[in-house]
Amino acid sequence: MVTDPIADYLTRIRNAQMAGHRIVEIPASNLKKRMTEILYNQGYILKYKFEDDNKQGLIKIALKYDAQTKQPAIHSLERVSRPGLRHYSKPGDFRRVKNGLGVAIISTSKGVLTDKEAKVQNVGGEVLCYIY
């Protein structure tokens, strides 16, 4: 049993990149599906596919690497809010990730959004992770 599914999600991606894998499989949930869509929309992953396996389902993610240097597109995945210490922010208090080059994923009352989307919609929430 996993006590922190978001940390497990981020760790699986981080470990797959360090091992040089092209595809990583992760158990699915609605939150993880939305986080995957955000990673794709921000250009951090190549493709993703949601598969149904008569249980909770799987997310297959094709990781993105630089063609010349073979370095992963995601340099850092940092879990911010965790089960023992939640981290909430107001729309004006979002920290700029990597001087605006990175993305913060935030769970709001309007769904899971990036920090920029949450600021535009003027909603705060739980800061799940920083990606750059």
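Let us look at the structure shown here. (Residues numbered from 1 in each chain as written. Predicted model: local features only at pLDDT ≥ 70, side-chain atom pairs only at ≥ 80, totals over all residues. Heavy atoms only, no water.)

### Remarks on the nonpolar core
One finds Ile 13, Met 35 and Ile 61 to be the most contacted residues of the largest nonpolar core, which totals 25 residues. Contributing elements (two or more residues each) for this core: α1 (5-19), β1 (23-27), α2 (30-41), β3 (58-63), β6 (103-108) and β8 (125-131). In terms of residues, this core owes the most to one element, α1, which gives 5 residues. Here Met 35 is in contact with Ile 6, Tyr 9, Leu 10, Ile 105, Val 112, Leu 128 and Cys 129, once residues within four sequence places are set aside. (Core = buried A, V, L, I, M, F, W, Y, C linked by side-chain atoms within 4.5 Å. Buried < 20%, exposed > 50% of the residue type's maximum accessible area, 1.4 Å probe, protein only. Helix = DSSP H or I, 4+ residues; strand = E, 2+ residues; numbered from the N terminus. Contact = heavy atoms within 4.5 Å.)

### Concerning α2
Given a rise of 1.5 Å per residue, 12 residues ought to cover 16 Å, and the 17 Å separating the end C-alpha atoms of α2 matches this to within 8%. Along α2, the positions that sit buried rather than exposed are Lys 32, Met 35, Thr 36, Ile 38 and Leu 39. Along α2, the residues classed as buried sweep out an arc of 160 degrees about the axis, all on the same side. Exposed positions of α2 whose direction lies more than 90 degrees from the buried face are Asn 30 and Asn 41. Where α2 terminates, the next one or two residues include Gly 43, which has phi positive at roughly 85 degrees. (Expected span 1.5 Å × (residues − 1). Arc of directions from axis to C-beta.)

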